[in-house]
Every structure is written in C-alpha cells, then in structure tokens.
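Chain by chain, the residues:
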Amino acid sequence: MARRGLGRGLEALIPQVEEGQGEIVSVPLDRIEPNPWQPRRQVDEAALEELAASIREHGVVQPIVVSRAGEDRYRLVAGERRWRACRLLGWEAIPAIVRDLSERESMEMALVENLQREDLNPLEEAAAYRVLQDEFGLTQEEIARRVGKSRALVANTLRLLQLPQAVRDLLAAGQLSAGHGRALLAVEDAAEQVRLAQEALGRGLSVREMEELVRKRRASGRGARARSTGWVEPPEWAEAAENLSERLGTRVRIRGGRGGRGRIEIEFYGPGDLERILSVLGG
C-alpha cells in the first residue's frame, strides 16, 4: 500500500505562510483536544513555566498545528508544550495552522513531530517507534528517514523495551541513560539486569563503566559454565548475537554445545513484529 510522504521534516508540518501553504488563525484553547498518540508521558513543569514566561514576554513565535475533529473542534498535531503553556497563562486562544488530515495522518504526524524535536525520554522514544512500527506498518528504515536518525539508533532504542519494568522505570525517570540500558541488553537474565542497574545507580557508574561491569559479569558467567560443563561458548558468539540484535531490533540468543553445533533464537512480539523481522531477513 502506498503511503503519503509524512516524513519530510518539520517544514512539512508547519508550512511557510508567505508561500501560501497555510494560514494562521486564532483557535480557542478550549476547542482543542490533545492528541491521544502524543508520545510524551512526563511533563517537566519547571520547563513548562519557563516556556509560559517566554510566551508572555514574546508571544507564540511558532503557531501550533491542529486538524479538524468535528464541528468547531480541533485535535492537536504539533505544539503540545505551547498549547499547555498558553493554558497555564490563562489565554483564551492560540495561533494555529489548521490542516485537513485524516485521523491516521494526524496520529503519525504527532508521533514524528515529537520524535524530531528530541525532547522525549528514551522509553517514550522507544514506545513511539513501536507504535509507528506496529500500528502504521513502518519499517525501521522508514522510521529513521522520517525522524532524521540512523536505522541503527532506531533499532537500539526499540530494544530498550525488552528490559525489565524496573529498569525501564529508571530510564524513564532519567536515573539511567539509554546507553546504560543498551549495555544491560547484553545480559540475558532479567533479575541480573535489575541487579546491575541498581548497582550502576548506587555507584554512579558511567556508561563506559557499566559496559565494563557487564563484560566482567558475562566473562565470569562463561567461566562458571566452563567449570561445570567443560565447555563454554566462544566469545565471538556473543558479539554475533549482539550484531544480530542491533540489525533486527529484537533480542537474539545463540545457543550451542560441543562440536560447534548450535541454534539461533530470535524473539518477536506479535504477528506484525514477525513480519518485520522476516522482511529484514529478506524472507
């Protein structure tokens, strides 16, 4: 199915008025409803108050973008923080560009616009990528083009959703970075991932220090297996599994035993995700 070009950047969302591509109108704030596909789940109240102070002083420099949602009703597409700030100021209306969009286009634009602005936490970003992938059928390459990032970054961000909830909570709160989360993905046991995350938080470890801690724990685990079974998987298997995980955007394990034989396990999270992985593999 052909898709309309929705990923040409913010210029596609906010056209230049002088070129006749859009008209700025004043829209009552109480007639605008938030977009249900807004990926941001946490609002920095201090930053919002700073924005409100700036708007009070200078006005709304860039209009918001809305779509029609019924008679005299609008749905927010781009500019949620400006909309919230104006409500905080007690304003009655806000400058807006009204676009004629389908519900699907409005949803996709809201996700892409927020991802392009790069002010989401790692888990909000990952969840937005997952929606674009599962609900809109976009490949990682298509997502990367729309948001102006590399496919590898999109894939690695999606993999953060595989972490245990306790670790995801630390990422969402900003207590650990996306880099810490990616380092933990090299650990297979969920309980161990939580323990290492808490250790990194307690000791204030950098991403590099976290990567070294994970490497040592994995080497220790391989040594224990070698002592108990007389065999340990080659270290290049772990590297191969990590490379495959990055390429496929999901957890990959390589299992084996004596004689060099083994199997590759690839996780998927539903029919759509399976189709995506098969497409990446060329199947």
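This section reports on the structure supplied with the text.

Reading the values: the criteria
Residues numbered from 1 in each chain as written. Predicted model: local features only at pLDDT ≥ 70, side-chain atom pairs only at ≥ 80, totals over all residues. Heavy atoms only, no water. Helix = DSSP H or I, 4+ residues; strand = E, 2+ residues; numbered from the N terminus. Buried < 20%, exposed > 50% of the residue type's maximum accessible area, 1.4 Å probe, protein only. Contact = heavy atoms within 4.5 Å. Areas by Shrake-Rupley, 256 points an atom, 1.4 Å probe, with all protein chains shown as cover. Salt bridge = Lys/Arg side-chain N within 4 Å of Asp/Glu carboxyl O. Phe/Tyr/Trp six-rings, centres within 6.5 Å; stacked < 30°, edge-to-face > 60°. Lys NZ or Arg CZ within 6 Å of the ring centre and 35° of its normal. Patch = residues over 30% accessible without salt bridge, like charges linked within 9 Å, V, L, I, M, F, W, Y side chains within 5 Å. Pairing = 2+ DSSP bridges.

**Some details on the overall build of the protein chain**
Helix and strand content of the protein chain: 13 helices and seven strands. Expressed as a percentage of its 283 residues, the buried residues of the protein chain come to 43%. Of all intrachain contacts in the protein chain linking residues separated by at least 6 positions in sequence, the fraction that spans at least 24 positions is 67%. Of the roughly 15,200 Å² of accessible surface on the protein chain, 48% is carried by carbon and sulfur atoms.

**Comments concerning the pattern of salt bridges**
Tallied over the entire structure, the rule returns 11 salt bridges. Put simply, arginine 151 and glutamate 141 hold a salt bridge, and the shortest N to O gap is 4.0 Å. A residue pair is termed long-range when its members are at least 10 positions apart, and arginine 151 in helix H7 (residues 151-159) and glutamate 141 in helix H6 (residues 140-147) qualify at 10 residues. By relative accessible area, which is 23% here, arginine 151 ends up partly exposed. Residue glutamate 212 is joined to arginine 215 by a salt bridge in which the shortest nitrogen-to-oxygen separation is 2.6 Å. Note that glutamate 212 and arginine 215 are positioned in helix H11 (residues 207-229) at a spacing of three residues, about one turn of the helix. Judged by its relative accessible area of 33%, glutamate 212 is partly exposed. Classification of arginine 215 as partly exposed rests on a relative accessible area of 46%.

**Description of the environment of leucine 201**
Mapped onto the elements of the fold, leucine 201 is located in helix H10 (residues 190-203). Residue leucine 201 is classed as partly exposed on the basis of its relative accessible area of 33%.

**Describing the packing of aromatic side chains**
According to the stated counting rule, one finds zero aromatic pairs in the structure shown. Above the ring of tryptophan 83, the side-chain terminus of arginine 87 is found at 4.6 Å from the ring centroid.

**Concerning a nonpolar patch on the surface**
On the surface, a cluster of nonpolar side chains totalling about 500 Å² of accessible area is made up of Ile264, Ile266, Phe268, Leu274, Leu278 and Leu281. For the nonpolar patch, the elements supplying multiple residues, two or more each, are strand S7 (262-266) and helix H13 (271-281). When residues in the nonpolar patch are grouped by element, the largest group, three residues, is from H13. As for its placement among the helices and strands, leucine 274 is situated in helix H13. For leucine 274, a relative accessible area of 32% corresponds to the partly exposed category.

**As for unusual backbone geometry**
A positive phi is found at aspartate 72, a non-glycine position, where the angle reads about 60°. If you trace the backbone, aspartate 72 turns up in the loop between strand S3 (64-68) and strand S4 (74-78).

**Digging into the pairing of S3**
The buried fraction of S3 amounts to four of the five residues, a majority that puts the element mostly inside the structure. One ladder, built from four bridges, connects S3 with strand S5 (residues 93-99); its direction is parallel. When the bridges of S5 are listed, serine 67 appears paired with arginine 99. As defined by bridge partners, S3 adjoins S4 across four bridges and the pair is classed as antiparallel. Across the sheet, valine 65 pairs through a bridge with alanine 78, a residue of S4. The loop that links S3 with its antiparallel partner S4 comprises five residues; one of these, glycine 70, has a positive phi angle of about 125°.

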